[in-house]
Amino acid sequence: MISSEPPKVVAGALYNTNDACKILGVHRNSLRRFVKNNFLHPKADRMTGRNLFEGRELTRFWFSRV
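Residues numbered from 1 in each chain as written. Predicted model: local features only at pLDDT ≥ 70, side-chain atom pairs only at ≥ 80, totals over all residues. Heavy atoms only, no water.

**With respect to the sheet that holds strand E2 (residues 43-44)**
1) Next: The sheet built from 3 strands is open, its strands ordered E1-E3-E2 with antiparallel pairing. In the strand order of this sheet, the two ends are held by strand E1 (14-15) and E2, each with one partner.
2) Next: Here E1 runs beside strand E3 (residues 51-54); their pairing, made up of 2 bridges, is antiparallel. What sits directly across from tyrosine 15, in E3, is phenylalanine 53.
3) Next: Along the sheet, helix H3 (residues 55-65) makes contact with E1 and E3, crossing E3 at roughly 75°. (Pairing = 2+ DSSP bridges. Helix = DSSP H or I, 4+ residues; strand = E, 2+ residues; numbered from the N terminus. Contact = heavy atoms within 4.5 Å. Axes fitted to C-alpha atoms, helices over the stretch in contact; angles between N-to-C directions.)

Shown next, in the form of structure tokens:
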């Protein structure tokens, strides 16, 4: 279940998976499923290859799901 309040994020900031989960109020597996199904579009960190989520993308996703 996604958080009932809009995310409080900075539009251009990048958030790691843990932060994105806390912001959206979802479990890590749910976040992975959203990415796998192309509902949420992360950016890859060039050094580590890990997913980073832009603030405006988290906000866009939240408003599309509510």
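So much for the structure itself; the text now carries on.
**A look at the packing of helix H1 (residues 17-24) against H3**
1) Next: It is the contact of H1 with H3, at a shortest axis distance of 11 Å, that shows an interaxial angle of 35°. The element H1 and its partner H3 pack so that their crossing is right-handed. For the pair H1 and H3, the contacting residues are Ala20, Ile23 and Leu24 in the first and Leu58, Phe61 and Trp62 in the second.
2) Next: Within the contact of H1 with H3, the residues separate by chemical class into 6 nonpolar, no polar and no charged. (Left-handed = near helix turned anticlockwise from the far one by under 90°. Nonpolar A, V, L, I, M, F, W, Y, C, P; charged D, E, K, R; others polar.)

**With respect to unusual backbone geometry**
1) Next: In the Ramachandran plot, asparagine 38 falls in the positive-phi region, its phi being about 60° despite a non-glycine side chain.
2) Next: The residue asparagine 38 is located in the loop between helix H2 (28-36) and E2 in this model.
3) Next: Taking relative accessible area as the criterion, asparagine 38 reaches 55% and is therefore assigned exposed. (Buried < 20%, exposed > 50% of the residue type's maximum accessible area, 1.4 Å probe, protein only.)

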